Amino acid sequence: MEGTKPVNKKLAAALSGGAVLVLALSGCSSDEGNKELDAWAKSVCDALPAQDAKVDAANAAIKQAATDNNAPANVQKTDSQAFQDMSDAYAALAQAVQKAGTPPGIEEGAKKQTDAVAALNTLSTSYADLKKSVDALDVKDQAKFADGLANIATQLGTLSQTGNTALKNLEQGDVKDAMAKQDSCKKVAASASARATTS
């Protein structure tokens, strides 16, 4: 099964930086704040750790499948479940941002919220499509399976970068400050930072 191993590693490498959010949160946020905006930030931030953990676990599963000398059928099963989990995580984040509503007191807040929800839903759909792609691979044909994985790895690399910018426009200015104060967002930021140093 050596034929698929380099491709598996390519798939794993494509996951680097594929965190739910790269929260560029500064620790020196203003304490004056806006109580309504703080409540909004808490609503969004509290949804993040569970979904971040789900994405992280899915990434780890794909990487593990890539390091083991796995049979194509095993790789397919692992990757399929991982992509499903990622799709579910981004869908849940989209729902969290949608449920939180428009960030109060933010210029073009409604547009920023709508754009963030759309971006997260698009990511969810894209990972669901990757699941379909990996499910459709022919595990009995080593060469075709390897080619299919290589194609998926390319798509995954693009998605990982998109995932890091999905909430970027929303997470700015006062919103960023409000999110920086939330323990749940600090936890995700620390987790993402730790992954970046070990990947």
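Within each chain, residues carry numbers counting from 1 in the order of the written sequence. Totals for whole chains, interfaces and linings use every residue, but because this is a predicted model, local features are given only for residues with pLDDT of at least 70 and side-chain atom pairs only at 80 or more, for both listing and counting. Side-chain measures here rest on the full set of heavy atoms in the structure, leaving out hydrogens and waters.

Draft legend 1. View of the overall build of the chain. Across its full length, the chain carries eight helices and zero strands. The cut-offs for exposure are 20% and 50% of the maximum accessible area for each residue type, with area from a 1.4 Å probe on protein chains only; residues under the lower value are buried, those over the upper are exposed, and the others partly exposed. When each of the 199 residues of the chain is scored for burial, the buried share is 44%. Considering only contacts within the chain whose residues lie at least 6 apart along the sequence, 86% involve residues at least 24 apart. Each accessible area is a Shrake-Rupley result for a 1.4 Å probe, and residues are judged covered by the shown protein chains and nothing else. A total accessible area of about 9,600 Å² is found for the chain, and carbon and sulfur atoms account for 51% of it. A run of H or I in DSSP becomes a helix once it reaches four residues, and a run of E becomes a strand once it reaches two; helices and strands are each numbered from the N terminus. Any pair of residues with heavy atoms lying within 4.5 Å of one another is described as a contacting pair.

Draft legend 2. Examining helix 2 (residues 35-45) more closely. Turning to helix 2, its buried residues number three or more, namely Leu37, Asp38, Trp40, Ala41, Val44 and Cys45. Down the axis, helix 2 shows its buried residues gathered within 160 degrees of arc, on one side only. With respect to the buried face of helix 2, the exposed residues turned more than 90 degrees away are Lys35 and Glu36. Between N or O atoms, a polar contact is any pair within 3.5 Å; within protein, one atom must be a potential hydrogen donor and the other a potential acceptor, and residues adjacent in sequence are included only when both atoms are from side chains. Capping the start of helix 2, asparagine 34 holds a side-chain oxygen 2.9 Å from the backbone nitrogen of glutamate 36, two or three residues further along. Relevant arc is that of directions from the helix axis to the C-beta atoms, nothing else.

Draft legend 3. Looking closely at the packing of aromatic side chains. Aromatic pairs are defined between Phe, Tyr and Trp rings, using the six-membered ring for Trp, whenever the two ring centres lie within 6.5 Å; interplanar angles under 30 degrees are classed as stacked, those over 60 as edge-to-face, and all others as tilted. What the rule picks out here adds up to two aromatic pairs. Ring centres 5.5 Å apart and planes at 5 degrees place the aromatic pair tyrosine 90 and tyrosine 127 in the stacked group. Remark: tyrosine 127 occurs in helix 5 (residues 109-135) and tyrosine 90 occurs in helix 4 (residues 72-100); sequence separation between them is 37 residues. A relative accessible area of 1% places tyrosine 127 in the buried class. Three or more aromatic residues joined by ring pairs make a cluster, and in this case those are Phe83, Tyr90 and Tyr127.

Draft legend 4. Up close: the environment of valine 75. Along the chain, valine 75 falls in helix 4. Given a relative accessible area of 1%, valine 75 falls into the buried group. Expressed as a C-alpha distance, the spacing of valine 75 and valine 139, which sit 64 residues apart in the sequence, is 9.1 Å.

Draft legend 5. Spatial organisation of the pattern of salt bridges. When a carboxyl oxygen of Asp or Glu is within 4 Å of a side-chain nitrogen of Lys or Arg, the pair counts as a salt bridge. One pass over the full model with this rule turns up four salt bridges. Among the salt bridges present, the one from aspartate 46 reaches lysine 42, with a minimum N-O distance of 2.6 Å. A relative accessible area of 42% means that lysine 42 is categorised as partly exposed.

Draft legend 6. Quick look at the packing of helix 4 against helix 5. Every axis in this analysis is a line fitted to C-alpha atoms, fitted for helices over the stretch in contact. Angles between the N-to-C directions lie between 0 and 180 degrees. Close contact between helix 4 and helix 5 brings their axes to 8 Å; oriented N to C, the two are set at 165 degrees. The orientation of helix 4 relative to helix 5 falls into the category roughly antiparallel. The handedness of the crossing between helix 4 and helix 5 comes out as left-handed. Partitioned by chemical class, the residues of the contact of helix 4 with helix 5 number 15 nonpolar, eight polar and three charged. We call two directions roughly parallel when the angle between them is under 35 degrees, roughly antiparallel when it is over 145, roughly perpendicular when it lies between 65 and 115, and oblique otherwise. Whether a crossing is left-handed or right-handed is set by the direction in which the near helix is turned from the far one by less than a right angle, anticlockwise for left-handed and clockwise for right-handed. Each residue gets one of three labels, nonpolar for Ala, Val, Leu, Ile, Met, Phe, Trp, Tyr, Cys and Pro, charged for Asp, Glu, Lys and Arg, and polar for the others, Gly among them.

Draft legend 7. Local environment of the side chain of glutamine 182. Its location among the elements puts glutamine 182 in the loop between helix 7 (173-180) and helix 8 (183-198). There is a polar contact of 3.4 Å between the side chain of glutamine 182 and the backbone oxygen of alanine 178.

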